[in-house]
Amino acid sequence: MNRIRGRTAVVTGATSGIGEACARTLAEAGVRLVLVARRGERLASLADELEATTGERVLRHVLDVRDREGVAGFADRLEREGVAVDILVNNAGLARGLDAFQDGSHRDWDEMIDTNLKGLLNVTRALLPGMIARDAGHVVNIGSVAGHVVYPMGNVYCATKYAVRALTEAANLDLVGTKVRMSSVDPGLVETEFSLVRFRGDRERAGRTYEGVDSLMPEDIADAVHYVLNTRPRVNVLNMLVMPTVQRSPYVIAREEVKR
C-alpha cells in the first residue's frame, strides 16, 4: 500500500548520492517534491527531469542549510506559496578530512558541525512547528553507522552523527502526544561522492574507500527511507541501521573483486 502518494516532501542535499536517490524514489511514489541543494545547475537539471517524468511540478530552492537566514527565507517562501510540508528528509551532510584528533583542522570541524548538526537544526526548526500545528508529518534524518560506533580518525564526524542520533531520540520525547514522527536512517558504507568530498577532490584516495567492496548504493538507502515513511501511522521507526552484507562494523569489511 502506498500511504505517501500526494504528500509533500522537502529533501535537502538533493543533487547527489542519497539525496538524489530519495528524490527519485519519492517521485516514483507520487510524492510532491521540494528539492533543496547548494548547486543550482544540478538542482535545476534534476527538477526538470523529474517534472518531465512525473508530470508534476517540482519546487526547487538553492540553499546552503548552514545559512540560517537563508533557511528562514526558504520557510517564508513555502508559507507564501501555500506549501504545507508533510515530510522532511534531512540528508544534507558531509565529512571533511581523516585526521587524528590532535591533528584536526578547525576549518574541517566547523564545516562538519555547521552542516551535519546546525544545518539539520536550522531546517528542522523552521519546518517542524508547521507539522506540529497540523498534527501530522514525518522527519527522517540521514545519520550514519558512525553515530553508533566510532572509528579511527573519524572523531568529529562521528561526534556530529552521534549528535544527530541523540537529537532524533530527544525530539521524539518532545513530540509525544502529537502524531508527528521523527526517524533516523543510518547507513554503513555507501558508494557516493562522500569520500570525494571528505578528501577534497582526491579521486585516487577516495576510490580506495570502495575498492573491492560490494558497498551499499544510494538507492538502497532511498528504499529504507521509503519504507520508514510508508509505515502505518501508528508505527514510528526510531532508528534504522543499514549495512552492506560485507560490512559488520565501520572498519570490519570484506574486500574482494566486485562485479556490479
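Here the structure is shown first, and the text comes after it.
The model shown is predicted, which means the values in this text are computed figures rather than measured ones. (Residues numbered from 1 in each chain as written. Predicted model: local features only at pLDDT ≥ 70, side-chain atom pairs only at ≥ 80, totals over all residues. Heavy atoms only, no water.)

Section: the sheet that holds strand E5 (residues 137-142)
Worth spelling out the cut-off: Strand pairing requires that DSSP identify at least two bridges connecting the strands. Every helix listed is a DSSP run of H or I at least four residues long, and every strand listed is a run of E at least two residues long, numbered separately from the N terminus. With axes taken as lines fitted to C-alpha atoms, and helix axes fitted only over the stretch in contact, angles between N-to-C directions fall between 0 and 180 degrees. Contacts are assigned to residue pairs with any non-hydrogen atoms lying within 4.5 Å of each other.
Strand order in the open sheet formed by seven strands is E3-E2-E1-E4-E5-E6-E7, and the pairing between neighbours is parallel. The sheet is open, and its two borders are formed by strand E3 (59-62) and strand E7 (239-242), each paired with just one other strand. In this sheet, neighbouring strand axes are inclined to one another by 15° on average, regardless of whether the strands run parallel or antiparallel. Where strand E2 (residues 32-37) and E3 come together, four bridges link them in parallel fashion. The residue bridging Leu35 from the neighbouring strand is Arg60, located in E3. Of the strands in this sheet, strand E1 (8-12), E2 and E3 touch helix H3 (residues 68-80), which is tilted by about 155° from E3.

Overview of the packing of helix H1 (residues 17-28) against helix H8 (residues 218-229)
The condition is simple: Any angle that is under 35 degrees is reported as roughly parallel, and any over 145 degrees as roughly antiparallel; angles of 65 to 115 degrees are reported as roughly perpendicular and all others as oblique. A clockwise turn of the near helix away from the far one marks a right-handed crossing, whereas an anticlockwise turn of less than a right angle marks a left-handed crossing. Three categories are distinguished: nonpolar for Ala, Val, Leu, Ile, Met, Phe, Trp, Tyr, Cys and Pro, charged for Asp, Glu, Lys and Arg, and polar for the others, with Gly belonging to the last.
With their axes 8 Å apart at the nearest point, H1 and H8 run at an angle of 50° to one another. Here H8 runs oblique to H1, going by the angle between their axes. Considering how the two elements wind past one another, H1 and H8 form a crossing that is right-handed. Listed contacts from H8 to Gly17, Ile18, Ala21, Cys22, Thr25 and Leu26 of H1 are Pro218, Glu219, Ile221, Ala222, Val225, His226 and Leu229. The class makeup of the residues in the contact of H1 with H8 is nine nonpolar, three polar and one charged.

Describing the pairing of E7
Using the following cut-off: For each residue, the accessible area found with a 1.4 Å probe, counting protein chains only, is set against the maximum for its type, and the residue is called buried under 20%, exposed over 50%, and partly exposed in between.
Of the two faces of E7, the one holding Met240 and Val242 is buried and the one holding Asn239 and Leu241 is not buried anywhere. Sheet topology places strand E6 (residues 180-187) next to E7; four bridges connect them, and they run parallel. Bridging from a neighbouring strand, Pro187 pairs with Val242 of E7.

Distances and angles like these do not, on their own, reveal function.
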